Amino acid sequence: MRGRGNARSSRALAVSWRPATWHPRPDMGRLSRPRSSTSHRNLPHLFLFFLFVGPFNCLASYSRATELLYSLNEGLPAGVLIGSLAEDLRLVPRAAGRQDQLSQLPERTVAERDPPLSFSLASRGLSGQYVTLDNRSGELHTSAQEIDREALCLEGGGGAAWGGSISIASSPSSDSCLLLLDVLVLPQEYFRFVKVKIAIRDINDNAPQFPVPQISVWVPENAPINTRLAIEHPAMDPDIGTNGVQTYRLLDYHRMFTLDVEENENGERTPYLIVMGLLDRETQDQYVSIIIAEDGGSPPLLGSATLTIGITDINDNCPLFADSQINVTVFGNATVGTPVAAVQAVDRDLGTNAQITYAYSQKVPQASKDLFHLDETTGVIKLFSKIGGSVLQTHKLTILANGPGCIPAVTTALVTIIKVIFRPPEIVPRYIANEVDGIVYLKELEPINTPIAFFTIRDPEGKYKVNCYLDGEGPFRLSPYKPYNNEYLLETTKPMDYELQQFYEIVVVAWNSEGFHVKKIIKVQLLDDNDNAPIFLQPLLELTIEENNAPNAFLTKLYATDADSGERGQVSYFLGPDAPSYFSLDSVTGILTVSTQLDREEKEKYRYTVRAIDSGKPPRESVATVALTVLDKNDNSPRFINKDFSFFVPENFPGYGEIGVISVTDADAGRNGWVALSVVNQSDIFVIDTGKGMLRAKVSLDREQQSSYTLWVEAVDGGEPALSSTAKITILLLDINDNPPLVLFPQSNMSYLLVLPSTLPGSPVTEVYAVDKDTGMNAVIAYSIIGRRGPRPESFRIDPKTGNITLEEALLQTDYGLHRLLVKVSDHGYPEPLHSTVMVNLFVNDTVSNESYIESLLRKEPEINIEEKEPQISIEPTHRKVESVSCVPTLVALSVISLGSITLVTGMGIYICLRRGKKHHREDENLEVQIPLKGKIDLHMRERKPMAISNI
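Residues numbered from 1 in each chain as written. Predicted model: local features only at pLDDT ≥ 70, side-chain atom pairs only at ≥ 80, totals over all residues. Heavy atoms only, no water.

## Notes on the overall build of the protein chain
Each helix and strand in the protein chain was counted, giving 10 helices and 64 strands. Out of the 952 residues in the protein chain, the part that is buried amounts to 42%. Considering only residue pairs separated by 6 or more positions, the protein chain has 67% of its internal contacts joining residues 24 or more positions apart. A total accessible area of about 51500 Å² is found for the protein chain, and carbon and sulfur atoms account for 53% of it. (Helix = DSSP H or I, 4+ residues; strand = E, 2+ residues; numbered from the N terminus. Buried < 20%, exposed > 50% of the residue type's maximum accessible area, 1.4 Å probe, protein only. Contact = heavy atoms within 4.5 Å. Areas by Shrake-Rupley, 256 points an atom, 1.4 Å probe, with all protein chains shown as cover.)

Right under this line is the structure:
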């Protein structure tokens, strides 16, 4: 848990006013000239600021650079006041109780100054992480980012320049850790360039920590008292000063050790282990304790590690015999190699210090050395030669045990030879089975009770009873052969298997009543038969290989074993009859290969048999199954069902409605066959569902803004590297009658036109001109007069196709005045036509002498009876564009019917018709419906025509 300071844990230690080239430190009691590199680094910032203040920068010559130093503890919470720049710069009066060390400025608060003071960091940098500056009051507070002195200064390290708004500086020669800020005080008349240093004080928030949990120290067992050994892994503490590591101690000193701490010139403390007692590895070879490091904080924090003190061996022990003399006896008829005795010395040291070699003393006669052999490593004494009749009965063997750097240890072996005066029994074998050079050969699987040999047992003295028995393991039996005495038959007791055991060694033992015995060793060698078939280690071999493999690619190496020997155990390998021809199997090595390139998309799994046949007579064989799986490789790009997709969508289709499905497949498997769809262009309008391939529009589509869209959809698989393909999507919007006709002329219901009384009947007076943004029948416009008012408004008629208004009858004296015609402009849309209305005002008179009077008439709400009669017109297109557009109602009807049952013929018909309409549409791109106007009045002419119209 970090230590927390008081709410107001920082104060300004130094405030100084001086030119930018000097950095006096009142708290240090002297002036120090800064390094030139720092001044040069400050110049670009000051230059940029003077450019910023504009043409008044010449007035800033009296500005002064100022340095403020604050200090605070690390780990403080957000909102702790660090200092007030306004107060410490004497720009406002100090709070009560604060000492005034400099000249007092006029006592005005920040808010009272006009213009008000403004405080800001020279650049943002990292300041927001650790401190916040109030732009109005100039107060510095800690931010939500907790200040960790060890993270700032131990990682940042080194001195930092004043280049940014905040930087970190730590002096290698001191424990200071500074946050450096550049603050600008504005406006111009109060301008200050303030360098703020915030010294971060250390708190004891880190416990000492050893770099390793286990520390080992090795001490030789002959180390004298007061031997000092440095512990190579001292504890580390990021804190500084007294908060750092101060002392070490052991939890258990074992009354053999103590600790001391030495401090070097850099203040680093190293623990030393001091030997306080005599050590003996043979008594105790290891001491384990806990080493504890303690810092100087209040309260102190601890860190610990396991300290293992190992005692290394020195050669301080020599070999010792347990007995100074041993007595042994040996019979005179003992066989050569018989162990006679064994001596053993012990050395308590380790390793090379405990190596012992044995040797005869020079006092031992050469005859004794020739008769008894001493193993210099094990100390075993064996009979080295046959005991003759002239050999001494007693032999005194003095044996030395030699160790490195030691006086040899001595022991004596007193060997007594017991002479044998009786002749041993005799064993005479007569073999039934095939015997060569003392070895009996039997075929395996011989039947039970197969005779091997007869043995005749007799006593040369002829006065002792002789018995016989069989010694050794094996399926054999030795039994008396009656009715003869001292005759024994050796035979088998069960069938023998060459693969289980090929060789037997049995011993026929004969002994007499005096205890003398003789042995006859019988060696039996079995002969192998081809009684075992080859055996595959795996009856089912499950293999995998990546597709597009190289020719003659290695698949596996078959291995079958045959327990038989010789050629009967030699195995050859062959493919089964169901194996495809492009697989190859080496008959000798068993290496299985595939000669051609496999394609998973063509065939993924192969299953066939292989045979292993031995060379016996007759041969034996076994069969294994190969199951080969061809692994997928990303060798197939996603494939769209069609290269081009076309969809017909009615306009005003709701956002995220389903336009159509983009079908795509990928012949690969797994991740290689996963396909992700995306819209390459127009992605701001259209989106596609990756899983279903459903194409949707994010927004409602308006044919009048754009009649068709061409998209490119990309399909990307999940392979490495990924493969992709694209398809073209054409979306054609079908028109819906969603736009009423738009009247362009007259421009207002309050416009009027002067009609002279002398106008001849049949003359065009004016026109109503309208357009419709729809297409096809939805854009065919008809004009009709549905309401009239005036002296004789029936004198005027309107052409239902062109909108031209003509005078039908000659005007009379009584027709003078305002005639008002309510014109309905209607389209021929399906299913419901839309219309607009406009008021045509005609003023019959010679001149316009009183415009205000006419305007007053126009302002009155006319009482016009609406005529319900709709105009009947026949549409006679004047351009092949109208002919092409006439297909649209049929297409609309076909589109509606196709929602119930879509067939290929209907789709192709729509596609062909739309292609033809699209071709004409390109030829007359800006023409929707052409309705002839009498006299072919141009729109710009109509805009200039209302010279005779007064617009209100």
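What follows continues from the structure just given.
## Observations regarding the state of the cysteines
All told, the structure shown has two disulfides when counted by the stated rule. Here Cys-153 is linked by a disulfide to Cys-177, with a sulfur-sulfur distance of 1.6 Å. Judged by the sign of its S-S torsion, about 75 degrees, the bond between Cys-153 and Cys-177 is right-handed. Of the two residues, Cys-153 sits in helix H4 (residues 149-156) while Cys-177 sits in strand S10 (residues 177-186), which places them 24 residues apart along the sequence. Like Cys-177, Cys-153 is buried. The disulfide partner of Cys-318 is Cys-406, and the gap between their sulfur atoms is 2.2 Å. In this structure the cystine formed by Cys-318 and Cys-406 twists about its S-S bond by roughly -85 degrees; its chirality is therefore left-handed. Residue Cys-318 is located in the loop between strand S18 (302-312) and strand S19 (320-321), and its partner Cys-406 is located in the loop between strand S26 (394-402) and strand S27 (409-418); the two are separated by 88 residues in the primary sequence. Taking relative accessible area as the criterion, Cys-318 reaches 34% and is therefore assigned partly exposed. (Disulfide = S-S within 2.5 Å.)

## Concerning the confidence of the model for the protein chain
When pLDDT is averaged along the protein chain, the result is 79, and 78% of the positions lie at 70 or above. Counting contacts from residues 1-63, a segment whose pLDDT is below 50, to residues more than four positions away or on other chains yields 109 contacts. Note that pLDDT drops below 50 for residues 97-107; the model gives that stretch 19 contacts with residues more than four away or on any other chain. (pLDDT = per-residue confidence, 0-100.)

## So, the pattern of salt bridges
A full pass over the atoms with the stated rule returns 24 salt bridges. Across the salt bridge formed by Asp-632 and Arg-600, the nearest N and O atoms sit 2.9 Å from each other. Linking Asp-632 in the loop between strand S45 (621-631) and strand S46 (639-640) with Arg-600 in the loop between strand S43 (591-594) and strand S44 (605-614), this pair joins segments that are 32 residues apart in sequence. A relative accessible area of 16% places Asp-632 in the buried class. Of the residues examined, Arg-600 reaches a relative accessible area of 10% and is grouped as buried. Residues joined by salt bridges that share partners form a network here, namely Arg-600, Glu-601, Glu-604 and Asp-632. (Salt bridge = Lys/Arg side-chain N within 4 Å of Asp/Glu carboxyl O.)

## What about the environment of Pro-539?
Here Pro-539 lies in the loop between strand S37 (535-536) and strand S38 (540-546). The sequence separation of Pro-539 and Val-626 amounts to 87 residues, and the corresponding C-alpha distance is 8.5 Å. Setting aside its immediate chain neighbours within four residues, Pro-539 contacts Ala-624 and Thr-625.

## A look at the sheet that holds strand S7 (residues 131-133)
An order of S5-S8-S7 is seen for the three strands of this open sheet, with the pairing classed as antiparallel. Only two strands of the sheet have a single neighbouring strand rather than two, namely strand S5 (81-84) and S7. If you compare each strand with its neighbour and ignore which way they point, the axes differ by 15 degrees on average. Relative to strand S8 (residues 139-142), S5 runs antiparallel, the two sharing three bridges. Across the sheet, the residue bridging to Ser-84 is Glu-139, located in S8. (Pairing = 2+ DSSP bridges. Axes fitted to C-alpha atoms, helices over the stretch in contact; angles between N-to-C directions.)

## Describing helix H6 (residues 851-859)
Listed in full, the buried residues belonging to H6 are Ile-854, Glu-855 and Leu-858. The buried residues of H6 occupy an angular sector of 100 degrees when projected down its axis, which confines them to one face. (Arc of directions from axis to C-beta.)

## Thoughts on the environment of Glu-601
Here Glu-601 shows up in the loop between S43 and S44. Overall, Glu-601 belongs to the partly exposed group, its relative accessible area being 26%. Note: C-alpha distance between Glu-601 and Asp-635 (34 residues apart in sequence) is 9.7 Å. Apart from residues no more than four positions distant in its own chain, Glu-601 is found in contact with Glu-547, Asp-632, Asp-635, Asn-636, Ala-667 and Asp-668. Of the polar contacts made by the side chain of Glu-601, one reaches the side chain of Asn-636; its length is 3.3 Å. (Polar contact = N/O pair within 3.5 Å; in protein donor to acceptor, adjacent residues only side chain to side chain.)

## Focus on the sheet that holds strand S28 (residues 426-431)
Strands in a sheet are paired, the pairing made by backbone hydrogen bonds, and the direction either parallel or antiparallel. Ordered in space as S28-S31-S34-S33, the four strands form an open sheet in which the pairing is antiparallel. The outermost strands of the open sheet, each flanked by one partner alone, are S28 and strand S33 (476-480). Taken pair by pair, the neighbouring strands of this sheet meet at an average axis angle of 25 degrees, ignoring direction. Direction of pairing for strand S31 (residues 451-458) relative to strand S34 (residues 487-492): antiparallel, over a ladder of five bridges. By the bridge assignment for S34, Phe-455 is matched with Tyr-488.

## A look at the packing of aromatic side chains
Tallied over the full model, the rule gives 15 aromatic pairs. Ring plane angle 75 degrees and centroid distance 5.3 Å describe the contact between Phe-257 and Tyr-287, whose orientation is recorded as edge-to-face. Of the two residues, Phe-257 sits in strand S15 (residues 257-263) while Tyr-287 sits in strand S17 (residues 286-295), which places them 30 residues apart along the sequence. Where Phe-640 meets Phe-645, the ring centres are 6.3 Å apart and the plane angle is 70 degrees; that geometry is what we call edge-to-face. Taken as a pair, Phe-640 and Phe-645 share a single burial class, namely buried. One aromatic cluster is present, formed by Tyr-582, Phe-583, Tyr-606 and Tyr-608 through successive ring pairs. A cation over an aromatic ring shows up here: Arg-228 above the ring of Tyr-272, its NZ or CZ 5.1 Å from the ring centre. (Phe/Tyr/Trp six-rings, centres within 6.5 Å; stacked < 30°, edge-to-face > 60°. Lys NZ or Arg CZ within 6 Å of the ring centre and 35° of its normal.)

## Some thoughts on the environment of Gly-138
With respect to the secondary-structure elements, Gly-138 resides in the loop between S7 and S8. The class of Gly-138 is buried, set by a relative accessible area of 0%. Sequence separation between Gly-138 and Glu-87 is 51 residues, and the spatial gap between their C-alpha atoms is 8.5 Å. With near-sequence residues (within four places) excluded, Gly-138 lies in contact with Gly-83, Ser-84, Leu-85, Ala-86, Phe-119 and Leu-133.

## Observations concerning the nonpolar core
In terms of nonpolar packing, the biggest core is built from 31 residues, with Leu-85, Phe-119, Val-196 and Ile-198 touching the most fellow members. The element best represented in this core is S10, accounting for five residues. Those residues in contact with Phe-119, other than ones at most four positions away along the chain, are Leu-85, Ala-86, Leu-91, Leu-133, Asp-134, Asn-135, Arg-136, Ser-137, Gly-138, Leu-184 and Val-185. Formed by 26 residues, the second largest nonpolar core is a distinct cluster that contains Ala-345, Tyr-358, Ile-381 and Ile-387. (Core = buried A, V, L, I, M, F, W, Y, C linked by side-chain atoms within 4.5 Å.)

## Structural notes on the pairing of strand S54 (residues 724-734)
Taken across its 11 residues, S54 has eight buried, putting it largely inside the fold. Sheet topology places strand S53 (residues 708-717) next to S54; nine bridges connect them, and they run antiparallel. The partner of Tyr-709 across the bridge, within S54, is Ile-731. Hairpin geometry of S53 and S54 is characterised by an intervening segment of six residues between the two adjacent antiparallel strands.

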